[in-house]
Amino acid sequence: MADTLQSVRQALRILNLLQAHEQLGVSEVSLKLDIGPSSAHRILATLHEANFVRQNLPSRKYRLGPAMTGSRNAAAIEHCSEVAEPYLADLRDITGETVHLAARSGITTKFVAVFESNHVMRVTSRMGTALPAHTTSAGKVLLAELPDAELDALYPIEALPKATAQTLPTRSALKAELKQINTLGYATNRAESEPDVVALAMPVSRPAGARICAVTVTGPASRMNPDRSRPVCAQERDILDAMREHIDRIQAKLSY
């Protein structure tokens, strides 16, 4: 009984440790908690079987799994929404377009905060709706940090559901765009979720580095991208500059 209780205590210590770190290897857990590497490995393997932790195969490090991350992510998203509110409103006023804060849940994008454009012709609130992540700029910028193994698990079939004629058609096309997104630092949606609607998105990262939400600026294509001859027009670059500045301010105020 004493050995069993000790194992439970060590498992709880490991879960508490992973709450404070994005990911840790067996040797790091062993050192931080002063337990033997074999014990750390055995407990982590047991937690992995029960979905309390998940292992990143390339690095072999562990992070919290789906049995643990739901409530933590919900709290972090709510915290991010509270912190971001004044900056989202200011970004709406600067750009003149609708600004959302969005989060990813599996293969869907959920919109958790909004400040609508004051234009008569505008993109209206998406609050309370869920759209396929591969069709939205927010979804793509949040998918972009995932390793290929996780993307394959989320999208086991090569063909992707289409919302419009511009939607990315395949998992391979999605992966190629996600790599480009990580290089550029932002994602675009060119009428991929809805005809004649253009959106730009940038990620909001937690203090530990993982992306928790995305800020999007969305409007009619005629205003957002009037110069269709360029991949990103001058007006969009101005919007991206404003987004980057406001997201830096949001991230500086996040506690977790």
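Here is a short report on the structure shown in this document. (Residues numbered from 1 in each chain as written. Predicted model: local features only at pLDDT ≥ 70, side-chain atom pairs only at ≥ 80, totals over all residues. Heavy atoms only, no water.)

Points about the overall build of the chain
- Within the chain, the secondary structure is distributed over 9 helices and 8 strands.
- Overall, the chain is about 70 × 40 × 30 Å in size when its C-alpha atoms are taken along their principal axes.
- Taking all 256 residues of the chain together, 47% fall into the buried category.
- Within the chain, counting contacts between residues at least 6 apart in sequence, those at least 24 apart form 57% of the total. (Helix = DSSP H or I, 4+ residues; strand = E, 2+ residues; numbered from the N terminus. Buried < 20%, exposed > 50% of the residue type's maximum accessible area, 1.4 Å probe, protein only. Contact = heavy atoms within 4.5 Å.)

Here we look at the side chain of Thr95
- Looking at the element boundaries, Thr95 is found in helix α4 (residues 66–95).
- The exposure class assigned to Thr95 is buried, which follows from its relative accessible area of 17%.
- Of note is the side chain of Thr95, whose polar atom sits 2.9 Å from the backbone oxygen of Leu91.
- A polar side-chain atom of Thr95 sits 3.2 Å from the main-chain amide nitrogen of Glu97.
- Those residues in contact with Thr95 that sit more than four places away from it in its chain are Val217 and Ile239. (Polar contact = N/O pair within 3.5 Å; in protein donor to acceptor, adjacent residues only side chain to side chain.)

Let's talk about the state of the cysteines
- If you walk through the whole model with that rule in mind, you get 0 disulfides.
- Lacking any disulfide linkage, Cys80 is separated from the closest cysteine sulfur, that of Cys213, by 4.0 Å.
- By relative accessible area, which is 0% here, Cys80 ends up buried. (Disulfide = S-S within 2.5 Å.)

A word on helix α2 (residues 26–33)
- When α2 is considered as a whole, its buried residues turn out to be Val26, Val29, Ser30 and Leu33. On an axial view of α2, the arc spanned by its buried residues comes to 100°, and they lie on one face. Every exposed residue of α2 that faces more than 90 degrees away from the buried side is listed here: Ser27 and Leu31.
- Asp34, located one to two residues past α2, shows a positive phi value of around 60°. (Arc of directions from axis to C-beta.)

Quick look at the sheet that holds strand β5 (residues 130–132)
- Taken together, 6 strands build an open sheet; the order of strands is β5-β4-β3-β8-β7-β6 and the sheet is antiparallel. The open sheet has two edge strands, β5 and β6 (187–190), and neither has a second partner. Averaged over neighbouring strand pairs, the angle between their axes works out to 30° when direction is ignored.
- In this structure, strand β3 (residues 98–105) lies alongside strand β4 (residues 108–115), joined through 7 bridges in antiparallel fashion. Bridge pairing links Ala102 to Phe111 in β4.
- Helix-sheet contacts for helix α9 (residues 234–253) involve β6, β7 (197–205) and β8 (211–220), and the interaxial angle to β7 is about 25°. (Pairing = 2+ DSSP bridges. Axes fitted to C-alpha atoms, helices over the stretch in contact; angles between N-to-C directions.)

Observations concerning the pattern of salt bridges
- Evaluation of the coordinates by the stated rule reveals 15 salt bridges.
- Lys140 is the salt-bridge partner of Glu177, the closest N and O atoms lying 2.6 Å from each other. With Glu177 in helix α7 (residues 171–184) and Lys140 in helix α5 (residues 137–143), the pair connects residues that are 37 residues apart, well separated along the chain. For the pair formed by Glu177 and Lys140, the shared burial category is buried.
- When the shortest N-O distance is used, the salt bridge between Arg249 and Glu245 registers 2.7 Å. Of this pair, Arg249 and Glu245 both sit in helix α9, 4 residues apart, roughly one helical turn.
- Shared partners join several salt bridges into a network, and the residues in it are Asp152, Glu158, Arg171 and Lys175. (Salt bridge = Lys/Arg side-chain N within 4 Å of Asp/Glu carboxyl O.)

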